[in-house]
There are 2 protein chains.
Amino acid sequence: MSEINLNKAAIALDFGGTNIKIGLIRQGKVLNQTLLPAHSGAGIIPRLPDVQAAVMDLLEQEGLALGNCSGVGIGLPGLVDPQHLSLLSINEKYADAVGFAFGAWVEEAFGLPIVMENDARAALLGETVYGTAHGESNAVLMIFGTGIGTAALMNGKIIRGRHFQAGILGGHFVTDVNGSRCSCGGVGCLEAEASHWSLQGWLKNQQGYANSLLAIESNIGYRQVIDASQSGDMLALSAMQHLYKHWSSGIVNLVHAYDPDVVILSGGLMKAKDIVLPELVRRVHEQAWTPWGKVRFIVAENPDSSVLLGLSHLIEEGIDIDYV
Amino acid sequence: MSEINLNKAAIALDFGGTNIKIGLIRQGKVLNQTLLPAHSGAGIIPRLPDVQAAVMDLLEQEGLALGNCSGVGIGLPGLVDPQHLSLLSINEKYADAVGFAFGAWVEEAFGLPIVMENDARAALLGETVYGTAHGESNAVLMIFGTGIGTAALMNGKIIRGRHFQAGILGGHFVTDVNGSRCSCGGVGCLEAEASHWSLQGWLKNQQGYANSLLAIESNIGYRQVIDASQSGDMLALSAMQHLYKHWSSGIVNLVHAYDPDVVILSGGLMKAKDIVLPELVRRVHEQAWTPWGKVRFIVAENPDSSVLLGLSHLIEEGIDIDYV
């Protein structure tokens, strides 16, 4: 790693289900960052010209040219093969990104090296290298976004696995064998039961939906349910019990799987951390089998930049393909 | 590793919930092996004189002395610290083994080096080094014994984790957030729902128990339920659906957690593999999110010796404490 590279900026593209976050990062500092709507249901390819234009805008704002950049990092909410630079599988969003030649696009659009990674893995790297969890070497992360992303760090190494799937499927551990069909093809996955995207479907199947404050909301997510529960709405209170059960069991499953010191939480849900965190921590501490002590909880301070920071780290360091 | 050590025999002690298996192993071959009832509810310390005597008997039968042995390996169905040679935590059986000075006992009884490991981890090593799964380097194992033990091998390394808990708690991943209280303190763990020990309690809580063939059995386990289901008993058929759901979800959770090529199954349940395996494989293949292909299944051919073989390997190679 030459000194020249360290002084160059990394271009980081975080393709989320709802928004595309674009950042310029140098040595762990976000120089500038912007946001585009994802329209991910319509695919990724139609969005790439706008992404390219947004990057060039950011560079111009910072007085930088592509020659001042070290590479482009791409984060995606699916199964990513960082070795062959491709997306292996994804649910419902960015369907055209599976098998798309990201390397060729980056070469053509920017003429720079590329790295790719699952977004939750990048976020875990971002938080442990540059963020709130700096210095931790045994950690799991759960991001409550549109879906529920996870990742694991063991003895300082990001867990990737034989087919690059390890650590990132915590949202698809089964937490209710009698639960709902998941978009992944499974049944009763944590995501199918307690994610932002599955919440509206769950609520509509409950008795008392018609009489709930939530029946008049057009777009129900975590925020609306938390607000209605604070107002004493019966259905929302019952939904919170359902969510706490699944979220805490999902975290316990990660703790039991990867044996971390610390659980890092991120994503939109953490805007309500003052409300949800105490109950979540209480339940996890009650249920996790950890005779050595209690896992600590860390909430990401800047959830909007953790993926970007992790991608910039991968550009600087290179992905270590010798997987665990 | 000197040639002398390779020619020596390893003494392996597998403290199961129901039986204590004792073996003499040399270079992956079981020279001789015997079995004692565990009486594990009464603790481990009262059993140690009998274990010592049984080892000396085996040695005599083989014409060997302690001087012909390389060490003693101890496998236990709990959280084991192989570095400090102690049992950290265990549920309901061998309660007095937590904190017991196994090193001092082995020194006094045999004057030999000691290794210790969780029994499922030892079984996974035994199967991948010497057994049916020889040569696999990305594998998970599930043993259906009294409880449900698990272990994981990633990129050729046994996963141990920061507090030696990683890989072995697959029986305590939550598969039903609305399920039964588990002996570990959790709720709805796979073990609490679908293990040999939890089966009788589950059955007694079902409607139709009084009219079932199973109501007249005094000691109900997997075998009795499988037999009754083959006879068309309605409760037993419903129990099999319950078990298949949890077992397959438990395996899917391991696949999603550790990203293996192969799932190794062992334990008493596998005596009925002709009946249960096809349905189990079908469900796992249907539910697991593995775009790379399908996990293979391997059934341990000699489940009674896999822990013993793994312990002998640890004596020969030494436990690699540089954990992942």
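Residue numbering note: each chain is counted from 1, following its sequence as written. A letter from A marks each chain and a number from 1 marks each ligand, given out in the order of writing. Selection of residues for local features in this predicted model requires a pLDDT of at least 70, selection of side-chain atom pairs for listing and counting requires 80 or more, and totals for whole chains, interfaces and linings are taken over all residues. Note: side-chain values were computed over all heavy atoms of the structure, leaving out hydrogens and water.

## Observations regarding the domain arrangement of chain A
Residues and elements named next belong to chain A.
Point 1. Domain boundaries shown here were taken from an automatic or database domain assignment. Here chain A is described as being made up of domain 1 (3-119 + 305-317) and domain 2 (134-299).
Point 2. Of note, the centres of domain 1 and domain 2, computed from C-alpha atoms alone, are 27 Å apart.
Point 3. By definition in these notes, contact holds between two residues if any of their heavy atoms fall within 4.5 Å. Across the contact, 15 residues belong to domain 1 and twelve residues belong to domain 2.
Point 4. The term buried area means the drop in 1.4 Å probe accessible area that two parts suffer when joined, counted for both and summed. Roughly 970 Å² is buried in total at the junction of domain 1 and domain 2, and carbon and sulfur atoms are behind 56% of that figure.
Point 5. Looking only at domain 1, the three residues that lose the most surface to domain 2 are Leu79, Asn91 and Asn118, adding up to 40% of its buried area.
Point 6. Salt bridges are defined by distance alone: a side-chain nitrogen of Lys or Arg within 4 Å of a carboxyl oxygen of Asp or Glu. Inspection of the region where domain 1 meets domain 2 yields one salt bridge.

## Notes on the relation of the copies chain B and chain A
Point 1. Alignment of copies: least-squares fit on C-alpha atoms of residues with pLDDT of at least 70 in both copies. Note on the copies: chain B fits chain A at an RMSD of 0.0 Å, the axial shift is 0.0 Å, and the rotation between them is 180°. Read as a symmetry element, the transformation amounts to a two-fold axis.

## Things to note about the state of the cysteines
Residues and elements named next belong to chain B.
Point 1. Our working definition of a disulfide is a cysteine sulfur pair at a distance within 2.5 Å. Here the structure, examined in full by the defined rule, presents zero disulfides over all chains.
Point 2. Cys189 provides the cysteine sulfur closest to Cys184, a residue in no disulfide bond, and the two sulfurs are 3.7 Å apart.
Point 3. When accessible area is computed with a 1.4 Å probe and restricted to protein chains, residues below 20% of their type maximum are described as buried, those above 50% as exposed, and intermediate ones as partly exposed. By relative accessible area, which is 13% here, Cys184 ends up buried.
Point 4. What makes Cys189 buried here is its relative accessible area of 1%.

## Section: unusual backbone geometry
Point 1. Look at Gln27 of chain A: it is not a glycine, yet its phi comes out positive at around 45°.
Point 2. Structurally, the position occupied by Gln27 of chain A is in the loop between strand E2 (19-26) and strand E3 (29-37).
Point 3. Here Gln27 of chain A falls in the partly exposed class, since its relative accessible area comes to 43%.
Point 4. Backbone geometry at Asn155 of chain B places phi at a positive 50°, although glycine is not the residue there.
Point 5. What counts as a helix is a DSSP run of H or I of at least four residues, what counts as a strand is a run of E of at least two, and both are numbered from the N terminus. With respect to the helices, strands and loops of the structure, Asn155 of chain B is situated in the loop between strand E9 (148-154) and strand E10 (157-158).

## Observations concerning the interface of chain B and chain A
Point 1. If you look at the interface, chain B gives 50 residues, while chain A gives 50 residues.
Point 2. At the boundary of chain B with chain A, total buried surface from both sides reaches about 4300 Å², with 55% on carbon and sulfur atoms.
Point 3. Linking chain B with chain A are two salt bridges, by the criterion used here.
Point 4. Between Arg162 of chain A and Asp261 of chain B there is a salt bridge; the shortest N-O distance is 3.0 Å.
Point 5. Each polar contact in these results corresponds to two N or O atoms within 3.5 Å; when the atoms are within protein, one needs to be able to donate a hydrogen and the other to accept it, and residues that are neighboring in sequence are counted only if both atoms are side-chain atoms. Taken together, the links from chain B to chain A amount to 30 residue pairs in polar contact (both at pLDDT 80 or more).
Point 6. Elements supplying a minimum of two residues to the side of chain B that touches chain A: strand E6 (86-89), helix H8 (234-258) and helix H9 (273-287) of chain B.

## Side note on helix H10 (residues 306-317) of chain A
All names here are of chain A.
Point 1. Along its twelve residues, H10 runs 16 Å from first to last C-alpha, staying within 8% of the 16 Å computed at 1.5 Å per residue.
Point 2. By the criterion of burial, H10 is predominantly enclosed, with eleven of the twelve residues buried.
Point 3. The set of residues buried in H10 consists of Ser306, Val307, Leu308, Leu309, Gly310, Leu311, Ser312, His313, Leu314, Ile315 and Glu316. Under the convention used throughout, the expected extent of a helix is 1.5 Å for every residue step, that is, one less than its residue count.

## Let's talk about the packing of aromatic side chains
Point 1. Only rings of Phe, Tyr and Trp enter the pairing, Trp through its six-membered ring, and a pair is recorded when the two centres are within 6.5 Å. The plane angle decides the type: under 30 degrees is stacked, over 60 is edge-to-face, the rest tilted. Applying the stated criterion across every chain yields a total of 16 aromatic pairs over all chains.
Point 2. Each ring, one from Phe144 of chain B and one from Trp247 of chain B, has its centre 5.5 Å from the other, and the planes form 70°; the classification is edge-to-face. Note that Phe144 of chain B is positioned in strand E8 (residues 139-144) and Trp247 of chain B in helix H8, a separation of 103 residues in sequence. The burial state of Phe144 of chain B is the same as that of Trp247 of chain B; both residues are buried.
Point 3. The structure contains a cluster of three or more aromatic residues connected by ring pairs, namely Phe144, Tyr222, Tyr244 and Trp247 of chain A.

## Re the sheet that holds E3 of chain A
Adjacent strands of a sheet pair through backbone hydrogen bonds, lying either parallel or antiparallel.
Residues and elements named next belong to chain A.
Point 1. Reading across from one edge, E3-E2-E1-E4-E7 is the order of the five strands in this open sheet, with mixed pairing throughout. For this open sheet the edge positions go to E3 and strand E7 (114-118), each flanked by a neighbour on one side alone. Looking at each pair of strands side by side, their axes are set apart by 20° on average, direction ignored.
Point 2. Helix H4 (residues 119-129) rests against strand E1 (9-15), strand E4 (69-76) and E7 of the sheet, and its axis sits at about 100° to E7. Strand pairing is defined by DSSP finding a minimum of two bridges between the two strands. Helix axes are fitted only over the stretch in contact, all axes being lines through C-alpha atoms; the angle between N-to-C directions runs from 0 to 180 degrees.

## Thoughts on the pattern of salt bridges
Point 1. Following the criterion strictly, the structure yields 19 salt bridges over all chains and no others.
Point 2. Its salt-bridge partner being Glu117 of chain B, residue Arg160 of chain B comes within 2.6 Å of it at the nearest N-O pair. Placement of Arg160 of chain B in the loop between E10 and helix H5 (190-194) and of Glu117 of chain B in strand E7 (residues 114-118) is noted, with a sequence separation of 43 residues between them. Residue Arg160 of chain B shares its accessibility class with Glu117 of chain B, and that shared class is buried.
Point 3. Look at the salt bridges and you will find they share partners, linking Glu279, Arg282, Arg283 and Glu286 of chain A into a network.

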